[in-house]
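Residues per chain, in single letters:
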Amino acid sequence: MYIQLIWIICLYLGASLEDHKKGKKHQKLSSIRETRKVQEEHSLFVSGFQHGTSELEITDHFQRFGLVSSVIMDKNQGVYAFVEYGSTESLQVALAEPEHIMNGKRLKVKPRERKEFKYTPKKKQAPSNSLLPSLELLSPVLCQANDVDEQMEKLVQLFGFSESEERLRELVISLMQEVFSEFFPECKIIPFGSSVNSFNIHCCDLDLFLDLEHTKIFQAKSKSSNEQTGVIEDTQSEDSILSDIDLETASEAEVLELVAMVLRKCVPGVHKVQAVTTARRPVVKFIHKDSGLHGDISVNNRLAVRNTSFLKLCSALDKRLRPLVYAVRYWAKQKHLAGQSSGRGPTLNNYNREIPVIPSVNHLKELAGEDDQCIIEGWDCSFPSDASTLPSSKNCESLCTLLSEFFNFYGQFDFVSSVICLRDGKALPVTAFLSNKEGKSPRLGPLNILDPFELCHNVAANLNERSEQRFQKQCLEAAKYCRSLQYQRKSAKGKIWGLVRLFKEDSVSAEGSPGVPGEVSQERMVIDIPFKLASLSEETRKKLCNSDDFRQLWFGWVSVAVLSVLEDMLKCTYEVLDGKNPPEVNSNESDTTASTAGESLNSGKRHRCSDEGSSSCKKLRFEPENMAGNASWYCTLWHKVWVGRRKMRRDILRGLKAPRTDDDGGDIDLETRVSEAVAQQERAAGNTSEPLLNFTLHLEVVGGTESTRTLAVIAPVQDASGLFQDFFHFLQLFIPKMTEKVLEKKIK
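Keep in mind it's a predicted model, so treat the numbers as computed, not measured.

Q: Hey, could you run me through the packing of aromatic side chains in this one?
A: Remark: the centre distance and the inter-plane angle together describe each pair of aromatic rings, the angle taken between the planes. Enumeration according to the criterion identifies 27 aromatic pairs in this entry. Between phenylalanine 159 and tyrosine 330, the aromatic rings sit 5.1 Å apart at their centres with planes inclined by 40 degrees, giving tilted as the arrangement. Linking phenylalanine 159 in helix H6 (residues 148–159) with tyrosine 330 in helix H11 (residues 321–334), this pair joins segments that are 171 residues apart in sequence. The pair formed by phenylalanine 159 and tyrosine 330 is uniform in burial state, with each residue classed as buried. Three or more aromatic residues link up through ring pairs in this structure, and these residues are Trp331, Phe406, Phe407, Phe409, Tyr410, Phe413, Phe415 and Phe471.

Structure representation (structure tokens):
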């Protein structure tokens, strides 16, 4: 019996195993396992390259040994990469190279380690992204084009609606119109946004505006007629939806709840209906099951409808606009600058494409006829409705050139101190918007782009400083690439070129990038302190607004704050270098060093500013308003204030029974106490008889072609103990953060 039983079990298991092997899940896992095995056999592990190196640079280096299929970089730290070749022969050639040098750095190159395969299913993507072509699918099509202009035109064909998709949306709109007309007589369903503004993309949301103006008139007339005749019409009967609400006096939220009810109960194929009444523009969200379309319905969004007409006009004015917008939009998606799926915080929207071939809104307003005049919510939204009546653009540059100039322009743009105004067609100074007059000023941030009509709305207000820095860095990298022949000419060797290389996704981190706080320059040690409106009070903003040169005034405040950080929090001493050289120091003679530095500062070993109760310490004070655009100081460091700082901070907080703070810096008083504790600890150990380090600090405000910021250039004068590098790395994070805190607390 047991023999038969085990046999039956074996037969059952055998049959189950065979069924499993034939199943889709097993076949998918087998395919992925085989693909991973091939990748490991064809890949190199590379490390040792300079922080901030791009994927394209690595590709260019290793393509000398054979065709590179892909490069996968460490996105968190940017310290290693996997380079996959198309064949094992190319891999062996690369491994046979005795030495790999890139950007002056010796690379560590070895075969990729083979690890046990573990399959982690990918999360399901939202339907709105399911039909967006990946770069792998785009690459063969784009590389077949003859030039960049043709590549950009192909993007429009690949991303835009097909005839069937347009027809499907029209049918859904017709269905909505038919149903809502039954409940809201004489209403209109008006599509707006990406579906109809000429910049559509597969599976974009269907944005609808329910225009109830004529319905309100109809309801008012019905009420008046009922009062005169005493006869209740159908629209005022107990079964009518209008009997429950007065559209003229009802709130937007109340109307949207009625709209949601109609969608749930009366529109065939609609599900997942949700009224979002707390958004800046309240809507009712829904999904049309049969078509798969995600949609929104709003009842108070005439400005968005007018914006749609404006974009359609711009598209009709110049045929180059659509390819440019599609190219920049896909580039932004690949660089994680657009769309909400990247998980990297606030992102850019479509108004970050200021195309120079399109007239300004003010110029179009001047060309508008009498029938084109339009005022919505107090904003002048007038512009011509017929593009054929307007003169053609005199700009005859190619698409290739216009895209390159877009990156070059915004790569050098002064975002922090400027507001991009589409109405005027130029950038305006941020000081013109600092005073809040009658609530009409936009909410300002690191990047400011005014809506073309609603001038109190900053369409980039959701962007934070890190996103703005990443955007500008990517523009700089793109502009640099666009100057190369790999962008301008088709490859004769079958390599990727043009837009494909531009679109290649890479791991870009705000840290360590050019012009971004955190970078250590090899030529000079520079710390960037950006201009942040968020760190300034309303009173301070008014002072800046009334100042003849807000950069100079801001620089004075920053200078005071930086010196406060060095003196009060880090226990350094300093002396102003009014055009003088720092005291000459012989690093081999520590006694002379201490004497010279001490005499220069009128403090010496006996009267350092870090000594508690010292009254003879020289403290320099000046008015920020009188500061020039640059200044220099000779500074002395007396304590290793960065060593054991986190532990000391935790110990102090534990003694105060206070919650833990950010390890990169707490508040001003706490950081001062931490430095005092470190100094006291060193004095107890008898380690404070000599200065540890002498260095110069040069502050300079920059702006115009770069984002407005103060550059702190720090250079060692005497560093016998070799502490400068460690001290500078500590200052990189500490000075910008604590300077901002001092500005928030002390600048009035």
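Picking up where we left off.
Q: Explain the environment of valine 79 here, please?
A: Along the chain, valine 79 turns up in the loop between strand S2 (68–73) and strand S3 (80–85). Taking the relative accessible area as the measure of exposure, valine 79 reaches 43% and is therefore partly exposed. C-alpha of valine 79 to C-alpha of phenylalanine 49: the two residues are 30 residues apart in sequence and 7.0 Å apart in space. Once residues lying within four places of it in the same chain are set aside, the contact partners of valine 79 are Val46, Ser47, Gly48, Phe49 and Asp74.

Q: Would you mind going over the sheet that holds strand S21 (residues 709–718) with me for this structure?
A: Through backbone hydrogen bonds, the strands of a sheet pair up, either in parallel or in antiparallel fashion. Pairing within the open sheet is antiparallel, and its five strands lie in the order S17-S21-S20-S19-S18. At either end of the open sheet lies a strand with only one pairing partner, and these are strand S17 (525–530) and strand S18 (573–576). Taking each pair of neighbouring strands and ignoring which way they run, the sheet shows an average axis angle of 25 degrees. Relative to S21, strand S20 (residues 693–702) runs antiparallel, the two being bridged by nine bridges. Paired with phenylalanine 695 across the two strands is proline 716, which belongs to S21. Its contacts with the sheet place helix H18 (residues 550–569) against S17, S18, strand S19 (630–637), S20 and S21, and it is angled at close to 160 degrees to S20.

Q: Could you clarify how one ought to interpret the packing of helix H7 (residues 163–183) against helix H9 (residues 252–266) in this entry?
A: Axis separation between H7 and H9 bottoms out at 11 Å; the angle between their running directions is 120 degrees. For the element pair H7 / H9, the angle class is oblique. In the crossing of H7 with H9, the sense of the turn from one axis to the other is right-handed. Residues Met176, Val179, Phe180 and Phe183 of H7 pack against Val259, Val262, Leu263 and Cys266 of H9. Broken down by class, the residue content of the contact of H7 with H9 amounts to eight nonpolar, no polar and no charged.

Q: How should the pattern of salt bridges be read in this particular structure?
A: Opposite charge on two side chains makes pairing possible when the charged atoms of those side chains draw close. Overall, the coordinates contain 19 salt bridges when judged by the stated rule. Among the ionic pairs, glutamate 454 bridges to arginine 281, the shortest N-O distance being 3.6 Å. Taken as a pair, glutamate 454 in the loop between strand S16 (449–450) and helix H14 (465–482) and arginine 281 in the loop between strand S9 (270–276) and strand S10 (283–288) lie far apart in primary sequence, 173 residues in all. One salt bridge in this structure joins aspartate 380 and lysine 365, with 3.9 Å as the shortest N-O distance. Linking aspartate 380 in strand S13 (residues 379–380) with lysine 365 in helix H12 (residues 361–367), this pair joins segments that are 15 residues apart in sequence. Of the residues examined, lysine 365 reaches a relative accessible area of 28% and is grouped as partly exposed. Among the charged side chains, a salt-bridge network with shared partners connects Asp211, Glu213, Lys216 and Arg302.

Q: Would you mind showing me how to read unusual backbone geometry here?
A: Excluding glycine, most residues fall at negative phi; most peptide bonds, likewise, are trans. One non-glycine residue, asparagine 103, lies in the positive phi region at around 55 degrees. Residue placement: asparagine 103 occurs in the loop between strand S4 (101–102) and strand S5 (105–106). Its identity as a non-glycine residue notwithstanding, serine 198 has a phi of 85 degrees, on the positive side. When you line up the elements, serine 198 lands in the loop between strand S7 (188–192) and strand S8 (206–211).

Q: Before we go on, may I ask you to explain the sheet that holds S16 in this structure?
A: Taken together, the three strands give an open sheet; going across it, the order is S15-S14-S16, and neighbouring strands pair in mixed fashion. Each having just a single partner strand, strand S15 (426–429) and S16 make up the two edges of the open sheet. Pairing between strand S14 (residues 418–421) and S15: four bridges, direction antiparallel. By the bridge assignment for S15, serine 418 is matched with proline 429.

Q: When you look at helix H4 (residues 88–96) in this model, what are you seeing that I'm missing?
A: Three- or four-residue spacings in an α-helix give side chains the same orientation, since the helix completes a turn every 3.6 residues. Every buried residue of H4 is accounted for by Ser90, Leu91 and Ala94. Viewed along the axis of H4, the buried residues span an arc of 105 degrees, placing them on a single side of the element. Exposed residues pointing more than 90 degrees away from the buried face of H4 are listed as Glu89 and Ala96.

Q: Is there a simple way to explain the pairing of S14 in this structure?
A: Along any regular strand the residues' side chains alternate between the sheet's two faces. Neither face of S14 is exposed, since Ser418 and Ile420 on one face and Val419 and Cys421 on the opposite face are all buried. Here S14 folds back onto S15, and the loop between the two strands holds four residues, one of which, glycine 425, carries a positive phi near 70 degrees. Of the strand pairs in this sheet, S14 and S16 are connected by two bridges, and their pairing is parallel. When the bridges of S16 are listed, cysteine 421 appears paired with leucine 450.

The rules behind the values
- Residues numbered from 1 in each chain as written.
- Predicted model: local features only at pLDDT ≥ 70, side-chain atom pairs only at ≥ 80, totals over all residues.
- Heavy atoms only, no water.
- Phe/Tyr/Trp six-rings, centres within 6.5 Å; stacked < 30°, edge-to-face > 60°.
- Helix = DSSP H or I, 4+ residues; strand = E, 2+ residues; numbered from the N terminus.
- Buried < 20%, exposed > 50% of the residue type's maximum accessible area, 1.4 Å probe, protein only.
- Contact = heavy atoms within 4.5 Å.
- Pairing = 2+ DSSP bridges.
- Axes fitted to C-alpha atoms, helices over the stretch in contact; angles between N-to-C directions.
- Parallel < 35°, antiparallel > 145°, perpendicular 65-115°, else oblique.
- Left-handed = near helix turned anticlockwise from the far one by under 90°.
- Nonpolar A, V, L, I, M, F, W, Y, C, P; charged D, E, K, R; others polar.
- Salt bridge = Lys/Arg side-chain N within 4 Å of Asp/Glu carboxyl O.
- Arc of directions from axis to C-beta.

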